[in-house]
Each structure stands twice: as C-alpha cells, then as structure tokens.
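Here is what each chain is made of, one letter per residue.
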Amino acid sequence: MTDGRQLTIIKVFRKYSHSLGPDALQLLEEILERHDIADNDVEFSIETIAREYNKQDDAAMKVSLDILRRVYDALQDQGNPGEAEDLLDPDSHLHFVDAFEMPSWHWSQERGTFEKSSNPLTVAGSADSRIAAVRNRLHIIKQSILRNEHFSPSTLPSRDREHLVTLKSTKQLLGRAGERFLLLGMLAHNKEGKLCVEDSDGSVELDLSKMDEPGEGLYTEGCFALVEGEYNEDGILEVVAMGQPPCEDRETARSIYGHIDFLGQGSTSLLEDSQFARRIREELSDLYFFFLSDVWLDHPQTLVGLQKMFDNCIENSFIPKVIVMCGNFTSKSIIQGGGRDIQRYQENFDSLADLIASYPQITRETYFVFVPGPLDITGNSTLPRRPILSTFTSHLRSKIPKVRFTSNPCRLKFFGQEVVIFREDTMARMLRNTIGIKPNVTGEDLRRYSILDQSHLTPLTTHIQPVLPDFDHALRLYPLPTTVILADKYEKYKLTYSGCHVFNPGGFVGNSFSFSTYCPAERSSEEGYVI
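Quick caveat, the model's predicted, so the values are computed rather than measured. (Residues numbered from 1 in each chain as written. Predicted model: local features only at pLDDT ≥ 70, side-chain atom pairs only at ≥ 80, totals over all residues. Heavy atoms only, no water.)

(A) Focus on the sheet that holds strand β9 (residues 289-292). On the basis of which strands lie adjacent, the open sheet formed by six strands has the order β12-β11-β10-β9-β18-β19 and mixed pairing. If you trace the sheet from one side to the other, it starts and ends with β12 (403-405) and β19 (524-530), each paired once. With direction set aside, neighbouring strand axes in the sheet form an average angle of 20°. In this structure, strand β11 (residues 367-371) lies alongside β12, joined through three bridges in parallel fashion. The partner of V369 across the bridge, within β12, is R404. (Pairing = 2+ DSSP bridges. Helix = DSSP H or I, 4+ residues; strand = E, 2+ residues; numbered from the N terminus. Axes fitted to C-alpha atoms, helices over the stretch in contact; angles between N-to-C directions.)

Structure representation (structure tokens):
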C-alpha cells in the first residue's frame, strides 16, 4: 500500500472527525486490495465506508475495528442482489410532520454535534430557551462554514493554506486597532440605534461608509452575516465587505448527521436515499403533489375554480397523491369579527367538504393537507402556528378520510425527500426590515431572499417576527430540505439553489386559478392553471 493511499484514507476519516489506529488502517488497506480498487477510486470507496461508520450510534472518535467490520459487512450485504424487489408503496413512505411533534435537537459546543433535548417543550418557553434558539442558529451556521473549503485547511501540506480565511470572535478585536478581521454574527441595532454585529462573545459597532456593495441576498435585522473590516481606535469595525454565509448542500450535511432523525419519522442512509430516488424515477414517475395558496373560501369564484381543477383531474386520469391547500382561507381577518363572520367561516369549510366528497375517486386516493395562514383562526398567532381549530373542520374530517390539518410550517417526508411547507408573508416583512446597506434591491435578491443561506425560515429578530423559542427548531432549514414551498402573497417564482428546489405557488384566485404541481421523481415543480 502506497503512502499516497494511506494519506487519502486518513484524510477522509479526519473529515468526519475520526482518527485511525494501525489496525483499522491495515483493515481498510486490505479491503481496498481485496476489491482491486484503483488509485483514482480510493477516495470514493473510503468515503462510502467513513460515511456509514459515522452514522453508527456507537461510533467512537477513534475508529473501532468491530464497528468498522460491521459497517463493511453491511455494505457487502447491500451490494449482493437478493430477491426481486416489491413495488414501492408510496402511502407507507408518506409522513406528515407537525411542527409541534418534531423532536428538538440542539447544537452542543462541548461535543461538537447535535444533542436531543431532554427538557419538556412548552409554549411559554423560558429566558434560557430564547437565548438558546439564537445561539443554535449561530452555531449551526458556523459549524457548516468551518467545513467550507475556503475556511477548512487540508490535512495534507498545500499552498492553499495561504489563501484560507479565518473567522474571529468579537472578543479578539480588543486591543488590536488597525488590524483586519472577518466576523460571523447577527446584524442588529444596539440601544443607541447603531448597527452592530453580535456573536456569542459580544458585539461591535459597524461603519458601512467604506463598503461599496455587499454580497447578494437581503440583509435584515436578525440575519447572520460574514462581515470583514478594519477595527479602529474608536472600537468600530470599518466594514469593507459583507456576505451571506455559504449554504451547505443536503448531501454534505446528511453525510455527517445522517444518523440523526431530525423529523422523528426514522432516519435513512444516503445509500437508501439514492436507491429510493432511482426507484421513484422508475416506478412513480407519474406521481404528483399539488400546492395551492390563499384558497379564499369566502370568494365566490374559489369553489368554482376548485371544481374545474377536480374535473380536469378526472377527465385526464391525473389524480394527485397529495393536495396541499395553504391559507389564508378567508380574504379578510375575522379574528375580531362578529358571530356571523365566524359562522360563515365554518360554513365555507363545510361547502368545501361537500365539493371534495362529490369526487369519490379523488376522495379515496388523495391526501388533503390544510396549512393555516396568518388570517386563519388557530390556537396561537406566533410561529409555529397550530392547526386550524377543529371546531371549523369537523365536517371535513367526517367527509374526507385522508385529510390532515397541520401546523404552519409543516413538513412532508416522502421516502428520502423532505418537503417544507411555509405559509407566511415573509417577503414584505423582510423588505420592511432591511438594514439599509443595499437600497437598490434586485429581482434576484427578492427571489432568493437569503432564507436558505440562513438555514432558517424567519431570519429576523423576535420583536419583528415572534417565534415560540422552544419550537424554533421547527423553523430550521438544516440539513437543507429537498424542497421548500414558500407560500407568500409575493409573485410566483421557482428556483433551485444548492440542490434545494424552492417555489411559491402564488394565490389561487386571480386572473386565472393558479397553483403549482410538484413531481417527486424529478424534484421539480411546474405552474398549473385552470381557465
């Protein structure tokens, strides 16, 4: 075994924070020789083994021979052709995840990984949980940044070390006037109204007068940003550059934390995900999800449009597996309304139930998911929101066997795919709270608006967007989901960023009845219209 191969093996396992003893290194060398692995394929083969080893619950930092053999045997079994595979059953792999049922995983600085919270979660929260929610956001972004190729040094000697960027803390600025620093922190205003950047060690005031143009994306109060500048004698950081944190793709995050069941529905390995993806393309290529937003049941044309949509589905034998209807289910707020308004709200849901039930095939085969909007009547007004009150939905529950009333946001787990559904007018709120460093906002900034870079659905301070601190993890976008539906009254769009497909289905009622269709086999969406 050449020294080059040994260095590659050591480098790959170090990437996952594991060290190899002589016996483990020898076993891996024997495995490579046994399977005649070429030099060009060594890194890929060892990467597969290291990734599976890292997912083991009893995996230690120093690689154990017993666990390594167990991983190798398991990979061997997966590679052996067995009996003919049964056809995929989409219903048994389709899960609807409520925000209030997701397990809470927080970042442990001591262990350098996620830990499951043992404390009971409450709606009221506590002072500690409010602080922990923000710190979790910071640490999760920071740990992914430190793995980025521009921040993480190679284990092998390289000239690239000279070009590495080093993150500093605000406490490291003290007494070092005239030096340049790169900080990661939350943008906020201090008590004097001055813009500053805060991290877990403190804060420093920012002077943006020398900065020409920040990086792409929106910068709002409460978002995390990379800030580079020179620290002056007045204790102010004169900023010369600012950018969004680099986004870590789903596969990279899952390769490290794939053993963690963030959704509480059972975890799958990357190998299982890839096998499912292949079979979905082969066996379920004609399976679709429909997404509708602002289904105003008090609008006279809404039920007409839904009826036309259902008629088209029957005529074309195109029955979706899931239809997600996002609020608002009323065109105006009725929370402060009278008894007649509330009665009409319930009657509108009853009319919808009767309409759906008049299509037996759709009622029998399709799951209907209802996600509340800001104007709907739920048990709370802060995020995440609880489902629509059952008082208004009893007729739907009795008429539609496959109906689900979820929180906002909620998630769908379909085989290895994670689909996040969020109904909130976030765009307008973020535009109202930009920190003024980029007055000429471009269309591309609006399309991205930094949510994926921030690994969070609401990168704002709690006084701008109140959040239940004990359930802040339900708004987290880490690991990056497969797909994110941002149902917003902003205009329709779709894009794929770092492998994550994002789209806004737009309002259902307008010049035409519009919605979006999502194909899990292709992991892409298309606009749908009913004329």
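Further notes follow.
(B) Fine view of the environment of E221. Note that E221 resides in the loop between β6 (202-207) and β7 (224-231). Along the primary structure E221 and M430 are separated by 209 residues, whereas in three dimensions their C-alpha atoms are 8.6 Å apart. Sequence-distant contacts of E221, defined by excluding residues within four places in its chain, comprise L187, A188, H189, N433, I435, P459, L460, T461, H463 and I464. Engagement of the side chain of E221 in a polar contact is seen with the side chain of H189, the distance being 3.4 Å. (Contact = heavy atoms within 4.5 Å. Polar contact = N/O pair within 3.5 Å; in protein donor to acceptor, adjacent residues only side chain to side chain.)

(C) Looking closely at the packing of aromatic side chains. Going through the model one piece at a time under the given rule, you end up with 28 aromatic pairs. Seen in terms of ring centroids, Y345 and F349 are 5.2 Å apart; in terms of plane orientation they differ by 90°. Their pairing is edge-to-face. In this pair, Y345 and F349 are both assigned in helix α9 (residues 339-357), four residues apart and thus about one turn of the helix distant. Take F349: its relative accessible area is 0%, and that puts it in the buried class. By the ring-pair criterion, three or more aromatic residues cluster together here, those being F276, F289, F291, F414, F415, F503 and Y518. Between R386 and the ring centre of F100, over which it is positioned, the NZ or CZ distance is 3.9 Å. (Phe/Tyr/Trp six-rings, centres within 6.5 Å; stacked < 30°, edge-to-face > 60°. Buried < 20%, exposed > 50% of the residue type's maximum accessible area, 1.4 Å probe, protein only. Lys NZ or Arg CZ within 6 Å of the ring centre and 35° of its normal.)

(D) Highlighting the pattern of salt bridges. If you walk through the whole model with that rule in mind, you get 24 salt bridges. We note a salt bridge from K210 to E238, for which the minimum N-O separation is 3.0 Å. Taken together, the residues K210 in the loop between β6 and β7 and E238 in strand β8 (residues 236-243) connect sequence positions 28 residues apart. By relative accessible area, K210 is classed as exposed at 51%. Under the relative-accessibility criterion, E238 is labelled buried at 15%. Shared partners join several salt bridges into a network, and the residues in it are D294, R423, D425 and K489. (Salt bridge = Lys/Arg side-chain N within 4 Å of Asp/Glu carboxyl O.)

(E) Examining the layout of surface pockets more closely. Here the second largest pocket defines a volume of roughly 550 Å³. Considering the residues around the second largest pocket, the lining is formed by 27 residues, among which H106, S117, S129, A132 and N136 are closest to the centre. At the level of secondary structure, the elements contributing two or more residues to the lining of the second largest pocket comprise β2 (105-108) and α5 (127-145). If you tally residues by element for the lining of the second largest pocket, the top one is α5, at eight residues. (1 Å grid on protein atoms, 1.4 Å probe; cavity = no way out; pocket = protein on both sides within 12 Å on 5 of 7 lines; lining within 4 Å. Points joined across faces, edges and corners; volume = space filled by probe spheres on them.)

(F) Spotlight on helix α1 (residues 3-15). Taking 1.5 Å of rise per residue, the 13 residues of α1 would be expected to cover 18 Å, and the 18 Å separating its terminal C-alpha atoms lies within 8% of that figure. Backbone geometry just downstream of α1 places S17 in the positive-phi region, at approximately 65°. (Expected span 1.5 Å × (residues − 1).)

(G) Structural context of the environment of S398. Looking at the element boundaries, S398 is found in helix α11 (residues 394-399). When the C-alpha atoms of S398 and L167 are compared, they prove to be 57 Å apart, with 231 residues separating the residues in sequence. A polar contact of 2.8 Å, which involves the side chain of S398, links it to the backbone oxygen of H395.

(H) A look at empty space enclosed by the protein. One pass over the structure, following the stated rule, counts eight cavities of 30 Å³ or more. When its volume is computed, the largest cavity comes out at roughly 160 Å³. Of the residues belonging to the lining of the largest cavity, the class tally is five nonpolar, five polar and five charged. Taken as a whole, the second largest cavity encloses approximately 110 Å³ of empty space. Lining the second largest cavity we find M102, P103, W105, F262, L263, R411, E418, H473, R476, Y478 and P479. Considering only residue class, the lining of the second largest cavity consists of seven nonpolar, one polar and three charged. (Nonpolar A, V, L, I, M, F, W, Y, C, P; charged D, E, K, R; others polar.)

(I) Fine view of the side chain of S514. Within the element layout of this structure, S514 appears in strand β18 (residues 513-519). The class of S514 is buried, set by a relative accessible area of 6%. If sequence neighbours within four positions are ignored, S514 has contacts with K492, P505, G507, F508, G528 and Y529.

(J) Main features of the nonpolar core. Counting 35 residues, the largest nonpolar core has L292, L306, M309, F310, M325, F368 and F370 as its most contacted members. Listed by contribution, the elements that provide at least two residues to this core are β9, α8 (302-315), β10 (322-326), α9, β11, β12 and β18. No other element matches the six residues that α9 contributes to this core. Not counting chain neighbours up to four residues away, the residues in contact with L292 comprise L306, M309, I323, V324, M325, C326, F508 and F515. Counting 31 residues, the second-largest nonpolar core is a separate cluster that includes I31, V42, V71 and Y478. (Core = buried A, V, L, I, M, F, W, Y, C linked by side-chain atoms within 4.5 Å.)

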